[in-house]
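As a plain string of letters, each chain reads:
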Amino acid sequence: MLGRTANGLYWMFRYFERAENIARLIDAGIRMSLTRSSGSDDNWDGVLQSAGVREAYDEGHSKLTGPDAIDYLLRDRTNLSSVMSCVDFGRNNARMVRTALTRETWEATNEFWIELKELLSKRLKPADLPQAIDVIKHRAGLIRGALHGSMLRNELYNFARIGTFIERADNTSRILDVKYYVLLPAVSAVGTSIDNVQWESILRSVSAHRSYSWAYDGEYRATNIADFLILNGQMPRSLAYCYEKITSELGHLATDYGERLKAHDTADAIRQSLKKQAIKDVMDQGLHEFLEDFVSRNNQLGQEISDGYRFYA
């Protein structure tokens, strides 16, 4: 397989996952703002920080407001991580590797791009935001479903899945961090009804509200929710689940090509560290510090995978 094909598939699925994840961050921000009686625009500072675009936002805006932050995250093409930018980049990568995709996967990709261009052709009204977020999540899910249902389980599939789960792990850690480290009003609010509503909002933003209630009888405790989203291997957006999939797909590549790269060892080390961790250890270290370290290691793995493309040329 050509290295540029591996690169195109990896980034195609990273970008589509990122588009959905930015929509989920916006959803989390909207839900968080509903728990505040005043000053709700301040919530968006944390959301922009979580998306990694706070400084870039300030370059083009004199003031932080909720509507401006949402528009910047959704449709501003100067923001390379906006939903519209990510879908553009994802489709461009799909076009580059068009012959490596099934018809179903390409059509799902193209339909996403066409619908989103129309949906985001102008600034959305607040009442239209929930529907827009649902469309983004639905369309991104259709692309994953088309891949899963129609692609051969070969190196093409492996790279697409690796891109998906590298990006998803990054997003789950950022959403957790925006709640715990940035958006909680004060230490005195821990364990209060405000704290519980915010945790519920986080679970809903990662489509985990119902599944969490099955695993923990619906009791909103910070430790349980952190455990669910970090260490629970049955939760499809948890860090542990993402790394089970990443190491599995990298393992298939190692078997098929008879070669292990640096990325294999890094992914295995991260997976093992998650398996050995207890949630008490995470909380004792500090949730923010743990997540900050995880994001750094996840980014390192992403770079090593990019550096390893030349092996597949």
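Calculation criteria
- Position labels on residues start from 1 in each chain and follow its written sequence.
- Restriction of local features to residues with pLDDT of at least 70 applies here, the model being predicted, together with a cutoff of 80 or more for giving and counting side-chain atom pairs; totals for whole chains, interfaces and linings are based on all residues.
- Derived side-chain values reflect all non-hydrogen atoms in the structure, with water molecules and hydrogen atoms excluded from consideration.
- Strands here are runs of E lasting at least two residues and helices are runs of H or I lasting at least four, both read from the DSSP assignment and numbered beginning at the N terminus.
- With a 1.4 Å probe rolled over the protein chains alone, any residue whose accessible area is under 20% of its type maximum counts as buried; one over 50% counts as exposed, and the rest are partly exposed.
- Throughout, a residue-residue contact means that at least one pair of heavy atoms, one from each residue, lies within 4.5 Å.
- Per-residue accessibility takes into account occlusion by the displayed protein chains alone, with areas from the Shrake-Rupley method and a 1.4 Å probe.
- Here a polar contact means two N or O atoms within 3.5 Å. Within protein one must be a hydrogen donor candidate and the other an acceptor candidate, and residues neighboring in sequence count only if both atoms are side-chain atoms.
- What makes a nonpolar core is a set of buried Ala, Val, Leu, Ile, Met, Phe, Trp, Tyr and Cys residues whose side-chain atoms join them at distances within 4.5 Å.
- In this description, a line fitted to the C-alpha atoms serves as the axis of each element, helices being fitted only across the stretch in contact, and the angle between N-to-C directions of two axes falls anywhere from 0 to 180 degrees.
- Working rule for angles: under 35 degrees goes down as roughly parallel, over 145 as roughly antiparallel, 65 to 115 as roughly perpendicular, anything else as oblique.
- It is the rotation of the near helix from the far one that decides the hand of a crossing: anticlockwise by less than a right angle makes it left-handed, clockwise makes it right-handed.
- A pairing counts as a salt bridge when a side-chain nitrogen of Lys or Arg comes within 4 Å of a carboxyl oxygen of Asp or Glu.
- Classification of ring pairs rests on two measures: the distance between centres of Phe, Tyr or Trp rings, Trp counted by its six-membered ring, which must be within 6.5 Å, and the angle between planes, read as stacked under 30 degrees, edge-to-face over 60 and tilted in between.
- The residue classification treats Ala, Val, Leu, Ile, Met, Phe, Trp, Tyr, Cys and Pro as nonpolar and Asp, Glu, Lys and Arg as charged. All others, Gly included, are polar.

## Some details on the overall build of the chain
- Helix and strand counts for the chain come out as 15 helices and zero strands.
- For the chain, the proportion of its 313 residues judged to be buried stands at 54%.
- Pairs at least 24 residues apart make up 69% of the contacts formed inside the chain by residues separated by at least 6 positions.
- Accessible area of the chain: about 14100 Å², with a carbon and sulfur share of 48%.

## Let's talk about unusual backbone geometry
- Of note, serine 207 is a non-glycine position whose phi angle comes to about 55°, a positive value.
- On the secondary structure map, serine 207 appears in the loop between helix H9 (193-205) and helix H10 (209-216).

## Topic: the side chain of glutamate 17
- Its location among the elements puts glutamate 17 in helix H1 (residues 3-33).
- The class of glutamate 17 is buried, set by a relative accessible area of 2%.
- A polar contact is formed between the side chain of glutamate 17 and the side chain of arginine 144, at a distance of 3.3 Å.
- In this structure glutamate 17 touches Arg144, Thr164, Glu167, Arg168 and Arg237, once residues within four positions along its chain are discounted.

## Section: the side chain of aspartate 71
- Tracing the backbone through its elements, the reader meets aspartate 71 in helix H4 (residues 66-74).
- Not counting chain neighbours up to four residues away, the residues in contact with aspartate 71 comprise Asp76 and Arg123.

## Some words on the nonpolar core
- Of all hydrophobic cores here, the largest spans 92 residues; its most connected members are Leu74, Leu229, Ile230, Tyr243 and Leu274.
- If you tally residues by element for this core, the top one is H1, at 14 residues.
- Once residues within four sequence positions are removed from consideration, tyrosine 243 is found in contact with Ile166, Ala169, Ala267, Ile270, Arg271, Leu274, Phe294, Asn298 and Leu301.

## Observations regarding the packing of H10 against helix H11 (residues 222-230)
- Contact geometry of H10 with H11 gives a least axis separation of 11 Å together with a crossing angle of 115°. Classified by the angle between their axes, H10 and H11 sit roughly perpendicular to one another. H11 is crossed by H10, and the crossing has right-handed handedness. Facing Ser211, Tyr212, Ala215 and Tyr216 of H10, the residues of H11 in contact are Asn224, Ile225, Asp227 and Phe228.

## Points about the pattern of salt bridges
- Inspection of every chain in the model, using the stated rule, returns 25 salt bridges.
- With its nearest N and O atoms 3.8 Å apart, the salt bridge here joins arginine 123 to aspartate 71. Here the residue arginine 123 occupies a position in the loop between helix H6 (103-119) and helix H7 (129-150), and aspartate 71 occupies one in helix H4, the gap between them amounting to 52 residues.
- Owing to a relative accessible area of 13%, aspartate 71 belongs among the buried residues under this scheme.
- Here glutamate 107 makes a salt bridge to arginine 103, at a shortest N to O gap of 3.4 Å. Of this pair, glutamate 107 and arginine 103 are both found in helix H6, four residues apart, which corresponds to roughly one turn of the helix.
- On the accessibility criterion, arginine 103 (49% relative accessible area) is partly exposed.
- A single network of salt bridges, built from pairs that share partners, joins Glu17, Glu20, Arg24, Arg144, Arg168 and Arg237.

## Section: the packing of aromatic side chains
- Inspection of every chain in the model, using the stated rule, returns ten aromatic pairs.
- Note on tryptophan 11 and tyrosine 15: the rings are 5.5 Å apart at their centroids and 40° apart in plane angle, and the pair reads as tilted. Pair noted here: tryptophan 11 and tyrosine 15 are both in helix H1, with a separation of four residues, about one helical turn.
- The class for tryptophan 11 is partly exposed, based on a relative accessible area of 21%.

## Overview of the environment of serine 207
- Between the C-alpha atoms of serine 207 and proline 236, which are 29 residues apart in sequence, the distance is 9.7 Å.
- Within the structure, the side chain of serine 207 is placed 2.9 Å from the side chain of arginine 24, a separation counted as a polar contact.

## Some words on the packing of helix H13 (residues 262-276) against helix H15 (residues 287-307)
- Look at H13 against H15: their axes get within 8 Å of each other, and the N-to-C directions meet at 155°. Viewed along their axes, H13 and H15 adopt a mutual orientation that is roughly antiparallel. Relative to H15, H13 is oriented so that their crossing is left-handed. Here H13 contributes Lys262, Ala263, Thr266, Ala267, Ala269, Ile270, Ser273 and Leu274 to the contact with H15, which in turn contributes Phe290, Phe294, Arg297, Asn298, Gln300, Leu301, Glu304 and Ile305.
- For the contact of H13 with H15, the class distribution of residues is nine nonpolar, four polar and three charged.

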